[in-house]
Amino acid sequence: MNMKVDLPNKIEPLELHAEWRAADVADASQWTYRLTDSDVRELDAALKYAKARTNDVLDITRELFPLPTLAAQIDKIEDELINGRGFKLISGVPVERYSDADASAIYWGIGMHLGNPWPQNKHGHLLGDVTDQGKSYGDPNSRGNEIGRVAFPYHTDGSDLVGLFCLRKAKSGGLSTVANSVRIHNEMARKRPDLAALLYQPVIYDFRGEEPPGGKPYYELPIYSRNADRIFVRYIRSYIDSARRHADVPTLSRAYVEAFDMIDDMAHNPDFNVFMDLQPGDMQFVNNYHVLHARTAYDDYPEPNRKRFLKRLWLETRKLKDRPMYFQLESSPKGWWASKGRTKAS
């Protein structure tokens with residue numbers, strides 16, 4: 001491996017304030033902000049203001065989506081994401097009143113108050129579609145938002161924050177679940193510091209067809225990184241496993257497999273996770289460094305206009321001033337995506 005990383009002098013638990021057990025988050029009201037009638041009127045006014053000034057949702061900035069009172073609440077949500085339990089639900093957007101485009105513009109506007117947009121793929125998509133696009137989980141070049149019906153394993157995405165906005169839910173199933181990766185790291189540091197230390201070393205991930213022109217089809221990144229007293233986590237086991245398809249990528253050692261199995265076992269432990277049945281009008285936001293997320297399998301409606309449909313945002317939080325270089329957009333292995341321009345998913 002060629003990537004150089006700063007290894008911690010000591011493997012130890014970090015950010016104890018951000019650890020939680022399922023019992024700590026059993027009360028959904030603790031992590032749900034229900035929009036008030038006044039909030040919805042403010043969103044309506046912001047939507048009207050933005051549409052009078054641009055017909056491109058990607059041109060909507062914080063300034064073009066003014067939220068005189070709700071902005072303070074969103075700021076608290078961002079703080080909770082970065083410095084608290086790492087996930088939050090905003091509920092109560094009356095999506096039945098809006099077209100998909102207007103509802104998506106409201107979601108984008110709230111997102112711009114939470115952070116700066118981060119491209120989600122090599123096409124520069126900033127507002128992604130999460131729906132069954134006929135891609136197979138076995139396709140090594142498929143991406144998660146394109147695959148329907150099957151369950152998704154616990155993983156992180158490539159940005160500081162990831163958001164999902166439910167426009168239409170599945171006929172059955174499709175629950176979203178989050179697991180506390182801070183506690184997973186800390187339990188590993190307490191019980192198997194040898195495995196935790198291994199995961200501070202770079203691991204090879206598959207680009208899955210999204211590498212820079214002329215570049216290698218894989219990249220390196222550690223699972224765990226420490227910056228001052230913060231833990232940064234990047235874990236996508238399916239991308240790690242599929243990287244082995246490339247001839248020059250070595251087979252994973254038994255120790256790595258044991259470490260990944262330990263992460264997966266803890267993520268699936270009911271004491272480490274919480275499930276959410278997102279309803280139309282719900283927005284879920286997650287800190288990728290503190291929370292792993294997954295999805296259960298689902299059955300969908302046959303009618304195209306009734307199929308499960310969510311919008312996705314990747315965001316760079318403005319509250320996190322210092323981070324490892326490879327978690328900065330331009331310096332990350334996928335930083336070249338930022339040069340592709342700003343586009344919506346089609």
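So, here is what we can say about the structure in this document.

What counts and what doesn't
- Residues numbered from 1 in each chain as written.
- Predicted model: local features only at pLDDT ≥ 70, side-chain atom pairs only at ≥ 80, totals over all residues.
- Heavy atoms only, no water.
- Axes fitted to C-alpha atoms, helices over the stretch in contact; angles between N-to-C directions.
- Helix = DSSP H or I, 4+ residues; strand = E, 2+ residues; numbered from the N terminus.
- Parallel < 35°, antiparallel > 145°, perpendicular 65-115°, else oblique.
- Contact = heavy atoms within 4.5 Å.
- Nonpolar A, V, L, I, M, F, W, Y, C, P; charged D, E, K, R; others polar.
- Expected span 1.5 Å × (residues − 1).
- Buried < 20%, exposed > 50% of the residue type's maximum accessible area, 1.4 Å probe, protein only.
- Lys, Arg positive; Asp, Glu negative; His and termini not counted.
- Salt bridge = Lys/Arg side-chain N within 4 Å of Asp/Glu carboxyl O.
- Polar contact = N/O pair within 3.5 Å; in protein donor to acceptor, adjacent residues only side chain to side chain.
- Pairing = 2+ DSSP bridges.
- Core = buried A, V, L, I, M, F, W, Y, C linked by side-chain atoms within 4.5 Å.

1. With respect to the packing of helix α1 (residues 37-51) against helix α3 (residues 100-114)
Next, step 1: At a minimum axis distance of 10 Å, the contact between α1 and α3 shows a crossing angle of 100°. Considering the angle they form, α1 stands roughly perpendicular to α3. Of α3, the residues touching α1 (which contributes L43, L47 and K51) are D102, A105, I106 and I110.
Next, step 2: Taken together, the residues of the contact of α1 with α3 sort by class into five nonpolar, no polar and two charged.

2. Quick notes on helix α7 (residues 254-268)
Next, step 1: Between its terminal C-alpha atoms α7 stretches 21 Å, which fits the 21 Å expected from 15 residues at 1.5 Å a residue.
Next, step 2: Inspection of α7 places Y256, A259, F260, M262, I263, D264, M266 and A267 among the buried residues, and these make up the whole buried set.

3. Brief notes about the side chain of R208
Next, step 1: Looking at where R208 falls in the secondary structure, it is placed in the loop between β9 (202-206) and β10 (218-222).
Next, step 2: Although buried, R208 forms no salt bridge, and the nearest oppositely charged side chain, D206, lies 5.0 Å from it.
Next, step 3: A distance of 3.2 Å separates polar atoms of two side chains, one belonging to R208 and the other to S242.

4. A few points about the sheet that holds strand β15 (residues 291-295)
Next, step 1: One open sheet holds the four strands; their spatial order is β5-β15-β8-β13, and the pairing between them is antiparallel. Each end of this open sheet is capped by a strand with a single partner; those strands are β5 (152-155) and β13 (273-276). When strand polarity is set aside, the average angle formed by the axes of neighbouring strands in this sheet is 15°.
Next, step 2: Across four bridges, strand β8 (residues 176-180) lies against β13 in antiparallel orientation. Residue pairing for β13: A179 is matched across the bridge by N273.

5. Notes on the nonpolar core
Next, step 1: I223 and Y224 are the most contacted members of the largest nonpolar core, which totals 80 residues.
Next, step 2: Counting residues per element, this core draws most heavily on α3, at eight residues.
Next, step 3: Residues within four places of I223 in sequence aside, it is in contact with L199, Q201, V203, Y205, F232, V233, R234, Y235, I240, F260 and I263.
Next, step 4: Residues V130, V274, L278 and W314 belong to the second largest nonpolar core, which totals 21 residues.

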